[in-house]
Amino acid sequence: MAATTPSSALKRLDLRDPAALFETHGAEEIRGLERQVRAEIEHKKEELRQMVGERYRDLIEAADTIGQMRRCAEGLVDAVRATDQYCARLRQAGPGAPRPPRTPEPQQASQKFYSMAAQIKLLLEIPEKIWSSMEASQYLHATQLYLLCCHLHRLLHLDSSGSPHSPVLSRFPILIRQVAAASHFRSTILHESKMLLKCQAVSDQAVAEALCSIMLLEESSPRQALTDFLLARKAAIQKLLNQPHQGVGTKAQICSLVELLATTLNQAHALFYTLPEGQLPDPSLPCGLLFSTLETITGQHPNGKGISVLQEEMKLCSWFRHLPASIVEFQPALRTLAHPISQEYLKDTLQKWIHMCNEDIKSGLTNLLTYVKNIKGLAGIRDAMWELLTNESTNHSWDVICRRLLEKPLLFWEDLTQQLFLSRLQTLMKEGFDSISSSSKELLVSALQELESSANSSTPNKHVHFEHNMSLFLWTESPNDLPPDAAWVNVANRAQFASTGLSMKAHAVSPCVQSFCSALDSKLKVQLDDLLAYLPSDDASLPKDASPKNSAFDRYADAGTVQEMLQMHSVACIQHITARICAELQSIEEVVHRQLGVLTGVKLHAVLFMARLCQSLGELCPHLKQCILGKSGSSEKPAREPRALKKQGKGKAQELMPLQTKWQEVKGLLLQQSVIAYRVWSSAVVQVLVHEFTQSLLSDDAGSVLATATSWDELEIQEETESGSSVTSKIRLPVQPSWNVQSFLFSLCQEVSRAGGHALPKVTVQEALRSCVVQVAAAYEKLAEEKQTKKEGAFPVTQNQALQLLYDLRYLSIILTAKSEEAKSGRSKQDSRTEKVIDYLEGLIDPFDLDVFTPHLNSNLSRLVQRTSVLFGLVTGTENQFTPRSSTFNSQEPHNILPLATSQIRFGLLPLSMTSTRKARLTSRGAETKAQVVPPALSRADDPMHPGSLFRQLVNEEEDTSTPSLFKLGWLSSMTK
């Protein structure tokens, strides 16, 4: 179709040449061209028809107008021609032509005629002058002219139909229209004058003239003028507060409101206040302007001064000399005398007006403050109000005006707006922290969902994978493990909880927990930065409030209240987050209860994530601490906190104590929730592992007995016979626990290691161990009960099996019981249950053999505990790891145990950083040692077999050299902090 359709240029060419058209196109194409041409013709006809229809009326009107213009021009030309002819006849007549004789008239009638003509002339010109005065906002002048116009009406008897001069209206019909037009001036002047009273950007003189106009037109008193003024300002306040919020900011509207109130009081003082008798006026504080203006307008002047406009026109126009004296010296007058307003009445009226405006201002400001969406905007509005009121009180003697009018200062901020600002601030703060808590809950749910979904995916996220096994995160190197300034920045100058990789690994804070805390802390920082604009700044470069004499109000008087709001909402936010975590823990605890496959599931990983999260929130969210402690939380150094509190005064320490107590309560809440989460995890782990151990312990077939058996040690002992000779015999005793015991302990250590055992709370480990002791004792009690029932087909408990079970149980009781607990509680209920089982097992052993075996069994047990204290160190605790060796031992006894350090240092081989005083002390000690002739004995630190001696020798060698060395190893110790 596109190929057969010709272009417009080709179409025009073909249409002009029909022969070429039939030569180049076929019959169908020619018919198509014909249809197109006819369609275009119809379209052009329709356009022409519409154009004519639309423009026809305008054309007719234009033709009529042209006709009228032609007729007017012809009439004008005829008039000019007639004027020309009349002038020509006058020129032909000449000055010497005789004039018609005048008929003599009486002088009095002529003067009366000229006086009436001048009054009519003035009456015709007054409306134009009134409109000119109103356009120039000279309403008092317009009022004077209007009153003069009314006076002229009375003189000409235009307002009375029965007067003898009523034929004036019949002879001058134009006066009828002038009288009708003059009747509208009163309402117009009143309306414009009252509208001017509602404006705040007008001078005191303009307001005084407007009030004088109202008093002259309405014949009211000064008290009524005061009422009109205050009602107009009240309407202005309502209009300002209720105007549409478009194009005008809330700050500008509130500042305009403050300016309007201040201007109202200033103008009330300038207009209505009169000084007591005997008091000299202050040039900087004008007063009584309304009464002085009234006196100027209505007073009788002996020198004949009247309206200035008439005096000027009298010099210019000749007909003004025919005006009567009552018009030339016209002065407006009030029906009653304008008595000054008493100070008591003025004070009561203003106080009532302020009380009436309070409700409007409070409701209007409440609506306006809803448009302020952040606390920084509130602070900007408050500061702008402070600047306005401070300038007002400084430049215009605000205190003097308030004392004269109200007998007390007008506390606009304290009485009207402060509580509104605090209410809006609390709303904004609540919305902000509600948003933070809701977003944190959503982030927590998404993190838990990601943990659950990662278990089913083939390629889990690396960070999420660390949540499943914390040991992988601990032993994975990353470039961020050390801070870039670790080699030259001292530990004292570094933050206590630095966000480096090693510090995070030392506290077992996984990347997912770090990202959650970072997101929460950033949101808290935004909220805190927004709020800090409302609180006083500690920056010395910023301007602070002036002295109370020069400041309108204390901007930061409510800082303590704002800080309490911040603390309350911060604590509520943390409580909402912990409540959500508690709900999640309860749901998970119900799912994992009595389930044996929870160790391989994802529920416990979620529990550990929430436990680490609660454990780290207080440290990884520094802005949370600042929200609760205020500015003291941002400036203090945690590492120096105890020493700094000692140096401070008792009063300041007592002030900080409530805030510190609140922060400790929040940390306690988080740690308590963390311990609850760890308890859910530990109970599930212990339940599963002890169940497997119990099954292995209670299995009675031969295969299981052989599977759990271990090798025994063979010892030679010498016994004395009755005859006194010694007999050497061999005994076999267990030196290793059963395989199921070792598997149970090792599995427990594995699970603790996966959870980051070095950072687990001590109470969690102790609870887990106590639970293990209780359930293990219950398993052995169940074994003893089954063996005592003597089921058919069951193997009897042999003496060797009883020895192994006794050895296992005593080993488990030692490993799973911390020494500190033994010292505190002594024999507990768990120990009594264990003792009963031990008594049962000892009853299965020959008493004579038991007496022989017991010392060697205890020795094997002690060595076994020392051998496995490091292997099972995550559950045995530091008390059992550093058991000192006995000083007396048999030198012939083979040992494979290294001497253990007595001090509980995590990295015993790493030297600590030494200060200059410590170096000097070591140097002096070295000198004293060299002065001695024979050292009594090598100290434990100088013992070459003592751990860390090699590094100490290396440090001593480096310190002895005179050249400075980089290898001071101070940075190496700082990396472990």
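Residues numbered from 1 in each chain as written. Predicted model: local features only at pLDDT ≥ 70, side-chain atom pairs only at ≥ 80, totals over all residues. Heavy atoms only, no water.

Overview of the side chain of threonine 264
Positionally, threonine 264 belongs in helix 11 (residues 250–272). Polar contacts involving the side chain of threonine 264 include one to the side chain of arginine 233, which spans 3.1 Å. If we skip the residues at most four places from it in the chain, threonine 264 touches Phe229, Leu230, Arg233 and Trp353. (Helix = DSSP H or I, 4+ residues; strand = E, 2+ residues; numbered from the N terminus. Polar contact = N/O pair within 3.5 Å; in protein donor to acceptor, adjacent residues only side chain to side chain. Contact = heavy atoms within 4.5 Å.)

Focus: unusual backbone geometry
Residue serine 137 is not a glycine yet carries a positive backbone phi of 60°. Within the element layout of this structure, serine 137 appears in the loop between helix 4 (107–135) and helix 5 (139–156). A positive phi is found at glutamate 219, a non-glycine position, where the angle reads about 55°. Note on placement: glutamate 219 falls in the loop between helix 9 (204–218) and helix 10 (222–242).

A short note on a nonpolar patch on the surface
Taken together, the side chains of Leu48, Met51, Val52, Tyr56, Leu59 and Ile60 make up a nonpolar region of the molecular surface, amounting to roughly 600 Å² of accessible area. Along the polypeptide, leucine 48 turns up in helix 3 (residues 27–93). (Patch = residues over 30% accessible without salt bridge, like charges linked within 9 Å, V, L, I, M, F, W, Y side chains within 5 Å. Areas by Shrake-Rupley, 256 points an atom, 1.4 Å probe, with all protein chains shown as cover. Salt bridge = Lys/Arg side-chain N within 4 Å of Asp/Glu carboxyl O.)

Remarks on the pairing of strand 2 (residues 726–734)
Bridge analysis of strand 1 (residues 712–720) against strand 2 gives 9 bridges, and the strand direction is antiparallel. When the bridges of strand 2 are listed, glutamine 718 appears paired with threonine 728. (Pairing = 2+ DSSP bridges.)

Topic: the confidence of the model for the protein chain
Put simply, the protein chain has an average pLDDT of 76, and 73% of its residues get 70 or more. Considering each helix and strand of the protein chain separately, the mean pLDDT is smallest for helix 39 (residues 970–974), with a value of 41, and largest for helix 22 (residues 511–532), with 90. Every residue in residues 161–165 scores below 50 in pLDDT, and together they form 6 contacts with partners more than four places removed in sequence or on other chains. (pLDDT = per-residue confidence, 0-100.)

Observations regarding the packing of helix 10 against helix 15 (residues 343–369)
Following both chains from N to C, one finds helix 10 and helix 15 inclined at 10°, their axes separated by 9 Å at the closest point. Taken together, the axes of helix 10 and helix 15 lie roughly parallel to each other. Contacts between helix 10 and helix 15 involve Arg223, Leu226, Leu230, Arg233, Lys234, Ile237, Gln238 and Leu241 on the former and, on the latter, Tyr345, Leu346, Thr349, Leu350, Trp353, Met356, Cys357, Asp360, Ile361, Gly364, Leu365 and Leu368. (Axes fitted to C-alpha atoms, helices over the stretch in contact; angles between N-to-C directions. Parallel < 35°, antiparallel > 145°, perpendicular 65-115°, else oblique.)

Observations concerning the packing of helix 23 (residues 559–592) against helix 25 (residues 622–629)
Closest axis-to-axis distance for the helix 23/helix 25 pair is 7 Å, and the angle between their directions is 135°. With respect to each other, helix 23 and helix 25 are oriented oblique. Taken together, the residues of helix 25 that come into contact with helix 23 (itself represented by Gln563, Leu566, Gln567, Ser570, Val571 and Ile574) are Leu624, Gln626, Cys627, Ile628 and Leu629. Grouping the constituent residues of the contact of helix 23 with helix 25 by class yields 7 nonpolar, 4 polar and no charged. (Nonpolar A, V, L, I, M, F, W, Y, C, P; charged D, E, K, R; others polar.)

A look at the packing of aromatic side chains
Taken as a whole, this structure holds 5 aromatic pairs when the rule is applied. Judged by centre distance (5.3 Å) and plane angle (65°), the ring pair of tryptophan 131 and phenylalanine 185 falls under edge-to-face. Taken as a pair, tryptophan 131 in helix 4 and phenylalanine 185 in helix 8 (residues 185–197) lie far apart in primary sequence, 54 residues in all. Note on phenylalanine 693 and tyrosine 780: the rings are 6.2 Å apart at their centroids and 50° apart in plane angle, and the pair reads as tilted. A residue pair is termed long-range when its members are at least 10 positions apart, and phenylalanine 693 in helix 28 (residues 650–698) and tyrosine 780 in helix 31 (residues 762–789) qualify at 87 residues. Of the residues examined, phenylalanine 693 reaches a relative accessible area of 2% and is grouped as buried. The structure contains a cluster of three or more aromatic residues connected by ring pairs, namely Phe693, Phe744 and Tyr780. Across the ring face of tyrosine 534, the terminal group of arginine 382 is positioned such that the distance to the ring centre comes to 4.4 Å. Sitting over the face of the ring of tryptophan 386, arginine 555 holds its NZ or CZ atom 4.1 Å from the ring centroid. (Phe/Tyr/Trp six-rings, centres within 6.5 Å; stacked < 30°, edge-to-face > 60°. Buried < 20%, exposed > 50% of the residue type's maximum accessible area, 1.4 Å probe, protein only. Lys NZ or Arg CZ within 6 Å of the ring centre and 35° of its normal.)

A closer look at the nonpolar core
The biggest cluster of nonpolar side chains holds 204 residues, and the ones touching the most others in it are Phe272, Phe609, Trp681, Phe744, Tyr780 and Leu816. Beyond its immediate stretch of four places on either side in the chain, leucine 816 contacts Phe744, Leu745, Leu748, Leu769, Cys772 and Val773. Residues Phe466, Met470, Phe473 and Ala759 belong to the second largest nonpolar core, which totals 5 residues. (Core = buried A, V, L, I, M, F, W, Y, C linked by side-chain atoms within 4.5 Å.)

Digging into helix 25
With 7 of 8 residues buried, helix 25 lies mostly within the body of the structure. Here helix 25 has its buried residues at His623, Leu624, Lys625, Gln626, Cys627, Ile628 and Leu629. Looking one or two residues beyond helix 25, the residue adopting positive phi is glycine 630, at roughly 80°.

Looking at the environment of asparagine 469
Tracing the backbone through its elements, the reader meets asparagine 469 in the loop between helix 19 (462–468) and helix 20 (470–474). What makes asparagine 469 buried here is its relative accessible area of 17%. Residues asparagine 469 and glutamine 750, spaced 281 residues apart in sequence, show a C-alpha to C-alpha distance of 9.9 Å.

Describing helix 17 (residues 398–406)
Those residues of helix 17 lying buried are Trp398, Ile401, Cys402, Arg404, Leu405 and Leu406. Down the axis of helix 17, the buried set is contained in an arc of 165°. They therefore lie on one face. Following helix 17 by one or two positions, glutamate 407 has its phi on the positive side, about 60°. (Arc of directions from axis to C-beta.)

Digging into the side chain of lysine 787
Within the secondary structure layout, lysine 787 lies in helix 31. Looking at lysine 787, the relative accessible area reads 17%, which means it is buried. Discounting chain neighbours no more than four positions away, the residues touching lysine 787 are Asp700, Phe795, Val797 and Tyr840.

Describing the pattern of salt bridges
All told, the structure shown has 21 salt bridges when counted by the stated rule. Note that aspartate 383 and arginine 382 form a salt bridge whose closest N and O atoms lie 3.2 Å from each other. Of the residues examined, arginine 382 reaches a relative accessible area of 0% and is grouped as buried. Where lysine 667 meets glutamate 619, a salt bridge forms, and the shortest distance between an N and an O atom there is 3.9 Å. Taken together, the positions of lysine 667 in helix 28 and glutamate 619 in helix 24 (residues 603–620) put the pair 48 residues apart, joining distant regions of the chain. Connected through shared salt-bridge partners, Glu344, Lys347 and Glu407 make up one network.

Brief notes about the environment of glutamine 527
Here glutamine 527 shows up in helix 22. By relative accessible area, which is 12% here, glutamine 527 ends up buried. Sequence separation of glutamine 527 and asparagine 374 is 153 residues, and the distance between their C-alpha atoms is 9.2 Å. Ignoring any residue separated from it by four or fewer positions in sequence, one finds glutamine 527 in contact with Ile375, Leu428, Met429, Gly432, Phe433 and Ile436.

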